[in-house]
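Chain by chain, the residues run as shown.
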Number of protein chains: 2
Amino acid sequence: MSENSRTDEISLDRTDKAILNLLQRDNKTSQRKIAEQVNLSAPAVQRRIKRLEETGVIQANVAIVDPAKVGQPITLFAQVAMESERTDLYETARRSFVAAPEVQQCYYVTGEADFMLVISVRSMSDYEALTRRLFFQNNNVKHFRTFVAMDRVKVGLSIPLG
Amino acid sequence: MSENSRTDEISLDRTDKAILNLLQRDNKTSQRKIAEQVNLSAPAVQRRIKRLEETGVIQANVAIVDPAKVGQPITLFAQVAMESERTDLYETARRSFVAAPEVQQCYYVTGEADFMLVISVRSMSDYEALTRRLFFQNNNVKHFRTFVAMDRVKVGLSIPLG
DNA sequence: ATTGAAAATATAGGCGA
DNA sequence: TCGCCTATATTTTCAAT
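Residues numbered from 1 in each chain as written. Chains lettered and ligands numbered in written order. Predicted model: local features only at pLDDT ≥ 70, side-chain atom pairs only at ≥ 80, totals over all residues. Heavy atoms only, no water.

Novice: Would you mind going over the protein's contact with DNA strand D with me for this structure?
Specialist: Near DNA strand D, the surroundings consist of Ser30(A), Gln31(A), Arg32(A), Gln46(A), Leu40(B), Ser41(B), Pro43(B), Ala44(B), Arg47(B) and Arg48(B). Each atom of DNA strand D within 4 Å of the protein was assigned to sugar, phosphate or base; sugar and phosphate come to 54%. Gln31(A) is positioned with one of its backbone polar atoms (N or O) 2.9 Å from a phosphate oxygen of DNA strand D. A distance of 2.7 Å is found between a phosphate oxygen of DNA strand D and a side-chain nitrogen or oxygen belonging to Ser41(B). Contributing elements (two or more residues each) for the surface near DNA strand D: helix 2 (31-38) of chain A together with helix 3 (42-54) of chain B. Sort the elements by how many residues they give to the surface near DNA strand D and helix 3 of chain B lands first, with 4 residues. Its residues assigned to classes, the surface near DNA strand D shows 3 nonpolar, 4 polar and 3 charged. (Near = heavy atom within 4 Å. Polar contact = N/O pair within 3.5 Å; in protein donor to acceptor, adjacent residues only side chain to side chain. Helix = DSSP H or I, 4+ residues; strand = E, 2+ residues; numbered from the N terminus. Nonpolar A, V, L, I, M, F, W, Y, C, P; charged D, E, K, R; others polar.)

Here is the structure:
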């Protein structure tokens, strides 16, 4: 396999980490300003960012949308337990979760649950409709438990690098 | 209060939604290319993006870092139940969760738990240390339950806009 | 591997329709 | 509101150290 297989750790020096911390806050920061903050020239910063993107350390550059501002004020968690861990049944469920646009995040977990989902919807009736599609319609779902988020206290995907 | 108070919904037409869907995938897409895709001029696209940022529809522009590539391969959930819902005790806990850099996401939820946390760490022993700081050291934490993510099936903060 | 300058892109703002 | 045009800023490339 190549030298940067999908899961291998990339070594980062102090400067790389400083750059990543800045970009995780605001990736529109100009290379010139980043250069000032990390005591480097702009092209040097540019090369480092390019490397971070090519090696997959930076997975994506995205705009974060406020769900409440676009009419999707309800965030909730669904904890899903499956009947059987058979691979084909697991795959079917997994694919249905990935395909649902309301599902922002889906993790396969150990413990009392098998999947943990983070979901964003316009209304509780939309959520009910979604549970019918994803859970009740799948025989392999043993049970699920819902937690409604009353406050999105802290939301992000930042990885602290020190 | 002003015309764009913090939680009010902003009306978006079809074009705004198309732009947001593009930017949620890749906010480095140039205004020129966006303009082609939505059949508008680049300056028109620019004005719309500016409005979306000023009204807070676009909350932030960030780089997404792959946790495994930077040596933090472990993602987990902590479901936390509190003893008392007293405001001051809630605030203390809430602040400690927000302050912890390992805590990527923190939601205050209804149901059997009070808080749901998404956490990213280097190792299980780092997680153990974190639980001591956040949970065992806080008398108001009744109990907590951990779910280790074996697979980050789908991870993002995108809001589907149709 | 860094610098500094030049070329190519991209963004921001003014103006008339 | 848009599209066009122009000015500014930023990113990218390249020669030289």
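Now that the structure has been shown, we can carry on.
Novice: Explain the relation of the copies chain A and chain B to me, please; I cannot follow it from the model alone.
Specialist: One copy of the chain maps onto the other through a rotation about an axis followed by a shift along the same axis. Superposing chain A onto chain B takes a rotation of 180 degrees plus a shift of 0.0 Å along the axis, which leaves an RMSD of 0.1 Å. The transformation just described matches what one would write down for a two-fold rotation axis. Residue Val62(A), judged by its C-alpha, is the member of chain A lying nearest the rotation axis, at 2.8 Å. By residue overlap, the copies meet face to face through one surface: 97% of the interface positions of chain A are interface positions in chain B. (Least-squares fit on C-alpha atoms with pLDDT ≥ 70 in both. Contact = heavy atoms within 4.5 Å.)

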